[in-house]
Amino acid sequence: MSTMRCRLLALSLLLLGARAHADEGMWMPSQLPDIAKQLKATGFKGNPRDLAELARPPMNAVVKVGGASGAFVSGEGLVLTNHHVAFGVIQYNSKPGRDLIKDGYIAVDRNAELPANPDYRVLVTTGFDRITDRILGDAKGKQGRAYYDAVDTATKAAVADCEREPGYRCSVANMYYGTDFYLVRQLELRDVRLVYAPPNDIGNYGGEVDNFVWPRHTGDFTLLRAYVGKDGKPADYAPDNVPYVPPAHLQVSTQNLKEGDYAMLAGYPGITYRHRMASEFANQVEWQLPSRVALYQRMIDTIEGATGRDEAARVSYASQVRSLKNSLKRAQGELDGLRRSNAVAVRRDDETAMYAWLDKQADAAATKADIAAAQAVLDQGVAMRERDQLLGVIVAQTQLLRSAVTLQRLAHERAKPDAERESGYQLRDEVLIAGQLRQVQRRFAPTVEKALLVDLVGQYQALPAVQHVAEFDAVFGATPAQLKAKLDALYAGTKLGNESGRLDAMQADRPALAASTDALLQAATRLLPAILRIEEESKTSNGELLRLRPAYMRALIGFRDSQGRAVYPDANSTLRVSYGRVSAMDPRDGVRYRPLTTVQGIVEKHTGTEPFDAPQPLRDAIAKGDFGSTAEPSLGTQTVDFLTNLDTTGGNSGSAVMDARGRLIGLNFDSNWEAVSASWMFDSRYKRAIHVDMRYMRWLLAKVYPAPYLLEEMKLPAE
């Protein structure tokens, strides 16, 4: 093994306790003892080794919720997460005449708690073990698709072994871009229910106007409850299920906050790209983000134009539109932030310095050859990037078309042994697929989906002929003039708009689906070969990148070590911890962001129209001024949100924000506009995270939309 490879292994396991940039880092819990000095210097009062143990508090109280984060806050399965993380659950239970989005919801007792959509999950991490040798053992000496298949086969085998015990969901996490692999074991809680959701004009106060903007005055929280069968094991929804008893839960703090106080966040950040190559930074700024902004805006405009005054359609698409608006604003903020930080030039200069360091190392030639080969693979992907982006959203952003493609793909995969099926279509995935199919009609209107497809497919048709795919042209037509008639025929000739039609199709075998006269299923049959072909091309390039990127990481980690800096892995939806302080910010000349907002700001922003239409009970309570123990003494009023310099990204929504002793002081829900680009580049001048102050949640539950039994359950004062 080369000197550089030995150094990488030592660093990835121990990280040598070297100091990262101030407050930067989404650390694996196992890394925290190695940065104990920094934690203590910042103000942490506990033992960092306790944070490294997933089976001990507080880590075993932190959970993954609906693709984001949350935490248990009682011993009876009560889960706290964001309003926007649970928005799909709220929307799923809404309908004309019962608009839980607008009015909010308080379950009067356990019997009144409402079931979440069937594919909604709470995942409790119980294991995190390094299995690099097992995953890469058969990949040595292979390239391209063969390398990809070797890693994929080993990954599926590890997951299958892990899931032999019912009730667990397992996955393999790729760390340092193909360098290290960890087996993640999670208890899968499938019966999740809505307990308490504030009205939208509290949970989303300020809407898209305030999204990613400080000061904020948003009560972005919701309480759910996880249930299990009477035997204590995970189970599907049943009226006689019982609340899950978690191994631990976080105690909501009753203490006050001030600038400079220690803060620590634990959650499941999505994906970051801080260790990507300089060319990828350039692609992000010069093409990917501008194209994404334009695409998302068109989808939003199309859906809102098609829903019009149709209230049922508006409710059906509320979750999708909100998600698109959030993604749009995030993409625009990321683009602005990367330009503000001059990220492309900074990354290019840093990479140049890395290469200068690398030239002095013994195995520089081999490392640089692998890096050059990786760059060549990236360059090949540029030619079809517009096509691949559009074809991806054509399927992903629809309901019936996506269902048809999913059904045909599932039938295709069922013809293989389970271990050889594509991930996402194995036996372990069929319950989730069925759950997704069951909820389609609550998120679908035919006129809206057809309008969306007219616009998306129209953009695809406008691409150069070399980017066209014959199967897509056959289904949708190669010109806009053909498109509308083809879509009308497809949607008039399908039964997939009915739940029974979708679930019946899920039980059909491949020959039966291929012979179906259902127009959308026929279309999916024609599209599937193209989807598989494009996927095969992607696997070949991904296999090469999986093989070659570790060379770049070896060089980068060695270079950082020479600078005295530690390297945490880019985020990948695994449990991470960030630490820092409650912090003000000076975003530009003459402007200072104080770290706490109060209810006075709600009144100042109130206009009586969305998104600043504060509910009357909230305004009455503010006017009354009865804040009790939740008021901030130094301000003489009720706080709402606060700022920290914690390192966060997408997926950290709902993350628990704790004080120096592990008590819950806040719930993460956003970043400031200046910091949206942190998924690619951490800039300590601008990076801030925005959290709901737990004192605001307590006040709402005590005085505004009362739920005294929930306060009692969380062992919190009622005043």
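Residues numbered from 1 in each chain as written. Predicted model: local features only at pLDDT ≥ 70, side-chain atom pairs only at ≥ 80, totals over all residues. Heavy atoms only, no water.

K.L.:
Which residues make up the pairing of strand S8 (residues 180-189), and what values go with them?
P.N.:
Counting buried positions along S8 yields 9 of 10 residues, so the element is predominantly enclosed. As judged from the 8 bridges shared by strand S6 (residues 122-130) and S8, these two strands associate in the antiparallel manner. When the bridges of S8 are listed, Asp 129 appears paired with Leu 183. Pairing of strand S7 (residues 168-175) with S8, which is carried by 8 bridges, proceeds in the antiparallel orientation. Residue pairing for S8: Met 175 is matched across the bridge by Asp 180. (Buried < 20%, exposed > 50% of the residue type's maximum accessible area, 1.4 Å probe, protein only. Helix = DSSP H or I, 4+ residues; strand = E, 2+ residues; numbered from the N terminus. Pairing = 2+ DSSP bridges.)

K.L.:
Can you lay out the packing of helix H7 (residues 144-162) against helix H23 (residues 519-562) for me, pointing to particular residues and giving the numbers?
P.N.:
Between two packed helices, the angle of one axis relative to the other and the distance separating the axes together describe the packing. Interaxial distance between H7 and H23 falls to 7 Å at its minimum, and their mutual angle equals 80°. As far as their axial angle goes, H23 and H7 are roughly perpendicular. When H7 is examined against H23, the residues Gly 144, Arg 145, Tyr 147, Tyr 148 and Val 151 are found in contact with a partner set consisting of Glu 536, Lys 539, Thr 540, Asn 542, Gly 543, Glu 544, Leu 546 and Arg 547. (Axes fitted to C-alpha atoms, helices over the stretch in contact; angles between N-to-C directions. Parallel < 35°, antiparallel > 145°, perpendicular 65-115°, else oblique. Contact = heavy atoms within 4.5 Å.)

K.L.:
Pulling in residues and values, what's your account of the pattern of salt bridges?
P.N.:
Close approach of charged atoms allows side chains of opposite charge to pair. Summed over all chains, the structure comprises 56 salt bridges. Between Asp 350 and Arg 347 there is a salt bridge; the shortest N-O distance is 2.9 Å. Residue Asp 350 and its partner Arg 347 are located together in helix H13 (residues 343-358), separated by 3 residues, close to a single helical turn. Judged by relative accessible area, Arg 347 falls into the buried class, the value being 6%. (Salt bridge = Lys/Arg side-chain N within 4 Å of Asp/Glu carboxyl O.)

K.L.:
Tell me about the state of the cysteines, residues and numbers included.
P.N.:
Summed over the entire model, instances satisfying the criterion amount to 1 disulfide. Shown here is the disulfide that connects Cys 162 with Cys 170, its sulfur atoms set 2.0 Å apart. Judged by the sign of its S-S torsion, about -65°, the cystine formed by Cys 162 and Cys 170 is left-handed. Neither Cys 162 nor Cys 170 differs from the other in exposure class; each is buried. (Disulfide = S-S within 2.5 Å.)

K.L.:
Go over the packing of aromatic side chains, please, and point to the residues and values.
P.N.:
One pass over the structure, following the stated rule, counts 13 aromatic pairs. Aromatic side chains Tyr 205 and Phe 612 sit 5.6 Å apart centroid to centroid with 85° between the ring planes, which places their arrangement in the edge-to-face category. Of this pair, Tyr 205 sits in the loop between helix H8 (200-203) and helix H9 (207-210) while Phe 612 sits in the loop between helix H24 (599-605) and helix H25 (616-624), placing them 407 residues apart in sequence. Across the pair, Phe 612 and Tyr 205 agree in class, each one buried. Taken together, the ring pairs connect Tyr 273, Phe 281 and Trp 680 into an aromatic cluster. Just above the ring of Tyr 227 sits the side chain of Arg 193; from NZ or CZ to the centre is 3.7 Å. (Phe/Tyr/Trp six-rings, centres within 6.5 Å; stacked < 30°, edge-to-face > 60°. Lys NZ or Arg CZ within 6 Å of the ring centre and 35° of its normal.)

K.L.:
Give a description of the confidence of the model for the chain that names residues and reports values.
P.N.:
On average, residues of the chain score 94 in pLDDT, and 97% of them are at 70 or above. Residue range residues 1-21 is modelled with pLDDT below 50. Its contacts to residues more than four positions away, or to other chains, number 51 contacts. (pLDDT = per-residue confidence, 0-100.)

K.L.:
Tell me what's going on with unusual backbone geometry, and back it up with residues and numbers.
P.N.:
Residue Pro 215 follows Trp 214 across a cis peptide bond; omega there is 10°. Locating Pro 215 in the fold gives a position in the loop between H9 and strand S10 (222-228). For the bond running from Glu 610 to Pro 611, omega is 5°, close enough to zero to count as cis. Relative to the helices and strands, Pro 611 is located in the loop between H24 and H25. The phi angle at Tyr 176 is positive, at roughly 55°, despite the residue not being glycine.

K.L.:
Can you break down helix H10 (residues 278-307) residue by residue, with the values?
P.N.:
The first and last C-alpha atoms of H10 sit 42 Å apart over 30 residues, in line with the 44 Å expected at 1.5 Å per residue. Along H10, the largest kink reaches about 45° and is centred on Gln 284. At the C-terminal side of H10, Gly 308 shows a positive phi close to 50°. (Expected span 1.5 Å × (residues − 1). Bend = angle between axes of the 7 residues up to and from the residue.)

K.L.:
I'd like a rundown of the pairing of strand S14 (residues 585-588), residues and numbers included.
P.N.:
Taken together, the 2 bridges between S14 and strand S15 (residues 591-593) define a ladder with antiparallel strand orientation. Looking at S15, one finds that Met 585 is bridged to Tyr 593. Taking the residues that link successive antiparallel strands as the turn, the S14-S15 hairpin has 2 residues, and the phi of Gly 590 there is positive, at about 80°.

K.L.:
Outline the packing of H10 against helix H15 (residues 385-396), listing residues and values.
P.N.:
Contact geometry of H10 with H15 gives a least axis separation of 12 Å together with a crossing angle of 35°. Crossing hand, H10 versus H15: right-handed. Facing H10, whose interface residues are Asn 283, Trp 287, Gln 288, Ser 291 and Leu 295, H15 presents Arg 385, Glu 386, Gln 389, Leu 390 and Val 393. In the contact of H10 with H15, the residues fall into 4 nonpolar, 4 polar and 2 charged. (Left-handed = near helix turned anticlockwise from the far one by under 90°. Nonpolar A, V, L, I, M, F, W, Y, C, P; charged D, E, K, R; others polar.)

K.L.:
Please set out the side chain of Glu 632 residue by residue, giving values where relevant.
P.N.:
Mapped onto the elements of the fold, Glu 632 is located in strand S17 (residues 631-632). A polar side-chain atom of Glu 632 sits 2.7 Å from a polar atom in the side chain of Ser 634. What Glu 632 contacts, discounting residues up to four positions off in sequence, is Asn 256, Leu 257, Thr 637, Thr 639 and Arg 695. (Polar contact = N/O pair within 3.5 Å; in protein donor to acceptor, adjacent residues only side chain to side chain.)

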